[in-house]
Amino acid sequence: MRLQTFFIGAFVILVLGIIFSLSFEMIELIIPSLFFTGVAGGVFVGIKRKRPMTNCMYDGFIVSIPTSILLGLVLVPLFWFYHDVQSLNTPFWSFFSMVFFGAIMLTGITGGPIGGLITGVYFRYVKQDRGEGELYETYLEDKMSDDKKQSPAERIADLES
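Below, the structure is looked at part by part. A quick note: this is a predicted structure, and the numbers were derived from the prediction, not measured. Throughout, residues of each chain are indexed from 1 in the direction in which the sequence is written. In keeping with the predicted nature of the model, local features appear solely for residues at pLDDT of at least 70, side-chain atom pairs appear and are counted solely at 80 or more, and the whole-chain, interface and lining totals rest on all residues. Note that water and hydrogens are dropped before the side-chain values are worked out from all heavy atoms of the structure.

## As for the overall build of the protein
- A run of DSSP states H or I qualifies as a helix once it reaches four residues; a run of E qualifies as a strand once it reaches two. Both are numbered from the N-terminal end. Of regular secondary structure, the protein possesses six helices and zero strands.
- The linear arrangement of helices and strands in the protein, starting from the amino end, is α-α-α-α-α-α.
- Partly exposed residues are those whose accessible area sits between 20% and 50% of the maximum for their type, while under 20% is buried and over 50% is exposed, using a 1.4 Å probe and protein chains only. Burial statistics for the protein: of 161 residues in total, 32% are counted as buried.
- The long-range fraction of contacts in the protein, counting pairs at least 24 apart against all pairs at least 6 apart in sequence, stands at 78%.
- Computed with the Shrake-Rupley method and a 1.4 Å probe, the accessible areas treat only the protein chains shown as cover for residues. Element-wise, carbon and sulfur atoms account for 68% of the exposed surface of the protein, whose accessible area totals about 10,100 Å². Should any heavy atoms of two residues lie within 4.5 Å, those residues are counted as being in contact.

Written as structure tokens, this is what we have:
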């Protein structure tokens with residue numbers, strides 16, 4: 001996986017996590033929003049990877065674990081101060097552990113790999129592209145490269161010798 005794909009996937013997870021959490025009703029829907037942000041990041045990474053399924057799933061896991069840690073650290077103050085969760089008489093450390101570890105489990109451990117797996121399954125079974133297009137492109141590149149070009153006279157001379 002390229003570094004650019006990693007950072008764009010991390011950006012997708014962070015932006016969607018923050019957008020899903022801006023509404024005041026999202027404190028009740030934190031579990032599905034964290035899960036779907038991980039799935040979205042895994043789908044993006046899987047689209048960039050395309051195949052095979054295990055690599056898409058692994059790349060979704062690699063992108064979503066560090067990003068989920070960062071997302072958990074961003075969401076705790078967002079919920080605590082912006083959504084005024086502190087007025088619910090919830091102790092800070094229990095709220096912090098709930099949101100932080102929930103982000104790691106739902107976004108990092110389950111969401112990202114499932115999104116990558118969904119994309120890998122799509123490219124494997126639905127699209128039915130098993131690399132023939134890339135194989136054909138490399139075949140054409142080999143035939144058209146400058147060092148392997150031969151004129152018909154040179155080919156005849158090679159066959160005669």
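We are not done yet, so read on.
## Quick word on the environment of Leu34
- As for its placement among the helices and strands, Leu34 is situated in helix 2 (residues 30-49).
- Between the C-alpha atoms of Leu34 and Gly72, which are 38 residues apart in sequence, the distance is 9.5 Å.
- Beyond its immediate stretch of four places on either side in the chain, Leu34 contacts Leu71, Leu75, Gly102, Ala103, Leu106 and Thr107.

## With respect to the environment of Gly120
- The topology assignment puts Gly120 in helix 4 (residues 92-126).
- On the accessibility criterion, Gly120 (2% relative accessible area) is buried.
- Here the alpha-carbon distance between Gly120 and Met57, two residues 63 residues apart in the chain, equals 7.4 Å.
- Look past the residues within four positions of Gly120 in its chain and what remains in contact with it is Met53 and Cys56.

## Some words on a nonpolar patch on the surface
- On the surface, a cluster of nonpolar side chains totalling about 680 Å² of accessible area is made up of Met1, Tyr58, Phe61, Ile62, Phe101, Met105 and Ile109.
- Looking at the secondary structure, you find Phe101 in helix 4. Any residue with relative accessible area above 30% and no salt bridge may belong to a patch, with like charges joined within 9 Å and the nonpolar Val, Leu, Ile, Met, Phe, Trp and Tyr side chains within 5 Å. We define a salt bridge as a side-chain nitrogen of Lys or Arg found within 4 Å of a carboxyl oxygen belonging to Asp or Glu.

## Comments concerning the packing of aromatic side chains
- In summary, the pairing rule links any two rings of Phe, Tyr or Trp, Trp by its six-membered ring, whose centres are within 6.5 Å, and it sorts them by plane angle into stacked for under 30 degrees, edge-to-face for over 60 and tilted for everything else. Tallied over the entire structure, the rule returns ten aromatic pairs.
- For the ring pair Trp80 and Phe95, a centre distance of 5.5 Å and an interplane angle of 40° mean the geometry is tilted. Of this pair, Trp80 sits in helix 3 (residues 53-82) while Phe95 sits in helix 4; the two residues are 15 residues apart in sequence, bridging distant segments of the chain. When sorted by exposure, Trp80 lands in the same class as Phe95, which is buried.
- Where Tyr122 meets Phe123, the ring centres are 5.2 Å apart and the plane angle is 70°; that geometry is what we call edge-to-face.

## Overview of the packing of helix 3 against helix 4
- One can describe the packing of helix 3 onto helix 4 by two numbers: an axis separation of 7 Å at closest approach and a directional angle of 155°. The orientation of helix 3 relative to helix 4 falls into the category roughly antiparallel. Helix-helix and strand crossings are classified by hand; for helix 3 and helix 4 the assignment is right-handed.
- Three classes are used: nonpolar for Ala, Val, Leu, Ile, Met, Phe, Trp, Tyr, Cys and Pro, charged for Asp, Glu, Lys and Arg, and polar for all others, with Gly counted as polar. Residues belonging to the contact of helix 3 with helix 4 are distributed by class as follows: 24 nonpolar, nine polar and one charged. Convention adopted: a line fitted to C-alpha atoms gives each axis, helices being fitted over their contacting stretch, and angles between N-to-C directions are expressed from 0 to 180 degrees. Reported orientations rely on four angle classes, namely roughly parallel under 35 degrees, roughly antiparallel over 145, roughly perpendicular from 65 to 115, and oblique for the rest. The handedness criterion is simple: a crossing whose near helix is rotated anticlockwise from the far helix by less than a right angle is left-handed, and one whose near helix is rotated clockwise is right-handed.

## Remarks on the nonpolar core
- Here, nonpolar core refers to any group of buried Ala, Val, Leu, Ile, Met, Phe, Trp, Tyr and Cys residues whose side-chain atoms link them within 4.5 Å. Formed by 17 residues in total, the largest nonpolar core has its most connected members in Leu34, Leu71, Leu75, Phe79, Phe95 and Val99.
- For this core, the secondary-structure elements that each account for two or more residues are helix 1 (3-21), helix 2, helix 3 and helix 4.
- Of all the elements, helix 3 adds the most residues to this core, at seven residues.
- In contact with Phe79, other than residues within four places in its own chain, are Ser21, Met26, Ile27, Ile30, Asp84, Val85 and Phe95.

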